[in-house]
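Structural features, examined
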Amino acid sequence: MPIRLHDSLTRTPRELKPAQPDGIFRFYNCGPTVYAPAHIGNFRTFVVNDVIRRLLELEFGPDKVKHVRNLTDVDDKTIKRARDEGRPLSDVTKQWTDKFHADCAALNCLPPHVEPAATTHIKEQVDMIDVLMQKGNAYRAADGSVYFKVSSFGDYGALSRVKERELQVGSALKATAADADEKEDVSDFALWKAHKPDDGANAWDSPWGRGRPGWHIECSAMSKKHLGDTIDLHTGGVDLLFPHHENEIAQSQCCNGTTFAHHWYHSEHLLVDGKKMSKSLGNMYPLDEIVAKGFSPMALRYALLMGHPRKQLSFTLDSMHAAESALNKIRGYAKDLCKLRNLTFEETFTKSPTLPLIPQVLGSVLKDFLGRISDDINTPAAFGILFSGIERNWKWIGDHADDPTSWVQNQKEFQTSIDELRLMLFVLGLNLNTPTTLEVERPSAITALAEKRWAAKLAKDFAGADALRKELTAAGWSMLDRKDGYSLEPLKK
RNA sequence: GGCGCGGUCGCCAAGUGGUAAGGCCGAGCUCUGCAAAAGCUCUAUCGGCGGUUCGAUUCCGCCCCGCGCCUCCA
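On a predicted model such as this, the values are computed, not experimentally measured, just so you know.

About the thresholds
Residues numbered from 1 in each chain as written. Chains lettered and ligands numbered in written order. Predicted model: local features only at pLDDT ≥ 70, side-chain atom pairs only at ≥ 80, totals over all residues. Heavy atoms only, no water. Pairing = 2+ DSSP bridges. Helix = DSSP H or I, 4+ residues; strand = E, 2+ residues; numbered from the N terminus. Near = heavy atom within 4 Å. Polar contact = N/O pair within 3.5 Å; in protein donor to acceptor, adjacent residues only side chain to side chain. Nonpolar A, V, L, I, M, F, W, Y, C, P; charged D, E, K, R; others polar. Domains from an automatic or database assignment. Contact = heavy atoms within 4.5 Å. Buried area = accessible area lost by both parts, 1.4 Å probe. Phe/Tyr/Trp six-rings, centres within 6.5 Å; stacked < 30°, edge-to-face > 60°. Buried < 20%, exposed > 50% of the residue type's maximum accessible area, 1.4 Å probe, protein only. Lys NZ or Arg CZ within 6 Å of the ring centre and 35° of its normal. pLDDT = per-residue confidence, 0-100. Right-handed = clockwise from strand over helix to strand, strands pointing away.

Thoughts on the sheet that holds strand 12 (residues 275-276)
- Across the sheet, which stays open at both edges, the three strands sit in the order 12-11-13 with mixed pairing between neighbours. Every other strand in the sheet has two partners, leaving strand 12 and strand 13 (313-315) as the edge strands with one partner each.
- Here strand 11 (residues 270-272) pairs with strand 12 via two bridges, running antiparallel. Note that in strand 12 the partner of V272 across the bridge is K275.

And the structure:
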């Protein structure tokens, strides 16, 4: 099913397809700056991009998609962090790169095929700057920094529709006045930053003296190296649209003399308490904080996909509760299907399906689902289809509970439902068979209380049992009875 | 000031020129020592005012409110 995706440049939905004759779809996604844990807003973008990646694999084949996502491991923030903590830059970036990888894995994001880092692509960046200098698109300032000359690129501003930055912003630009002193024009941006004392040991040699690359050039250089001069899709969060992506276009097209990206896609922000996350508001949640409140990473993934990726999404703890419950509903359905087919849930849903597995004959639910999600990644609409399908099938199952003969007759249909569900979950990247709660150490006192209550219950001392359950609740634990035993879990906050 | 997005049930959130998916929560029912879990059932006329139309939540205009970008930022 063709994938249509909104293109930020033409501001219209366009079909995705590989432009090169080799049929490889070239996909570049701006990655994180590794100086601190990524927050859930960052992960919204990465999760959405992961869904795009999965859809691309489904459409073109797993070996026909090349997904590159960079790591920004040298910039003001990473350097400051290293300086503040008195350790080498690479130490800091290694720590947070590892953390980022662990979080992505917990969120079931497929790793990109290439994950280039800025510091290991200095030469590529210098080479590009060199070409820009030769072509007259860049100039060296008195302090040794090199700037891109925005006025040399006539198409500048096509993406953001900002004809050159508005000069009347006043306050905002005054803040960077010190930097602007060296530039010929406030709109110009740094390609190479001359070494400053604050940079410490983090400097590389270049034809223009020691220094470090500017932020924008890294993506242009790494994209060129790993995907070539022209790529099929370039993505990132909306805040990168200007100036980052605008600058990338300017650098790459001036350097390479050809179209940089055929398609641009930007996902919107996650809002917490109605506002964008920021340090000053103190509403930047890393994954760990969500997990510490008792929620599963998979529920976070679900919550991040609850809204249309190109619309701001309000995030609250309520949405985590909703996500956890919704996920549970899907899980219950999956388990019922497995029972009907006499399969074990763990084996059937443990792994994401291996592509290609798309059934030749699509069921109507899967067809509708793929139709919605392939139409500009409409995840909320896709969830709607998914749940409507579940409800229909579940009702059928309920209506035929007393009719085992019908089960035997419908084995094929059950299997289709399982296959459909597995494929939908693959696209969404939802793995049902992950821990639903945090692995918390259970204090022995709590275990003792629970055992005591269970004994009281078996002895039909219901008053005593109820009192003991109240004690457990007060201690922050939830004890639920089943026929053959009980479950004991920490309450979610 | 420039550019852009949005206001749909208590919360989150799709969608359509002909009277509104889904999830969560809530209520009722079934089940059940209780509670829970689970399943079933039920719950909206789409920010305001005009206009176009046989008919608008969906198109146009104005207004009100909210958010984002323009500075490092997913």
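A closer look at the protein's contact with RNA strand B
- What surrounds RNA strand B is a group of 55 residues, the closest being W215, G237, K275, K276 and R469.
- In RNA strand B, atoms within 4 Å of the protein come 70% from sugar and phosphate.
- Within the side chain of K275, a nitrogen or oxygen atom sits 2.3 Å from a phosphate oxygen of RNA strand B.
- No other element matches the eight residues that helix 14 (residues 379-399) contributes to the surface near RNA strand B.
- Its residues assigned to classes, the surface near RNA strand B comprises 19 nonpolar, 19 polar and 17 charged.

Digging into the domain arrangement of chain A
- Assigned domains of chain A: these are domain 1 (4-267), domain 2 (280-428) and domain 3 (444-490).
- A straight line from the C-alpha centre of domain 1 to that of domain 2 covers 34 Å.
- Listed per partner, the contact involves 28 residues of domain 1 and 32 residues of domain 2.
- A combined buried area of about 2700 Å² lies between domain 1 and domain 2, and 68% of that area is made up of carbon and sulfur atoms.
- Ranking the residues of domain 1 by area buried against domain 2 places I40, R44 and L58 at the top, with a combined share of 27%.

Quick notes on the packing of aromatic side chains
- Across all of its chains, the model carries 14 aromatic pairs by this definition.
- Note on F43 and F100: the rings are 6.0 Å apart at their centroids and 10 degrees apart in plane angle, and the pair reads as stacked. Of the two residues, F43 is situated in helix 1 (residues 40-60) and F100 in helix 3 (residues 89-106); the sequence distance between them amounts to 57 residues. Each member of the pair, F43 as well as F100, is classed as buried.
- Considering the side-chain rings of F260 and W264, the 5.9 Å spacing of their centres and the 55 degrees angle between planes classify their relative orientation as tilted.
- For F260, a relative accessible area of 2% translates into the label buried.
- Looking at K335, its charged tip hangs above the ring of F345, at a distance of 5.1 Å from the centre.

Regarding the confidence of the model for chain A
- Mean pLDDT for chain A: 89, with 92% of residues reaching 70 or above.
- Contacts of residues 167-180 to residues separated by more than four positions or lying in other chains number five contacts, the stretch itself having pLDDT below 50.

What to know about the pairing of strand 4 (residues 65-69)
- Extensive coverage of strand 4 is indicated by the burial of four of its five residues.
- Inspection of the sheet shows strand 3 (residues 25-29) paired to strand 4 by five bridges, in the parallel sense. Along strand 4, the bridge assignment pairs N29 with R69.
- As a crossover connection, the stretch from strand 3 through helix 1 into strand 4 is right-handed.

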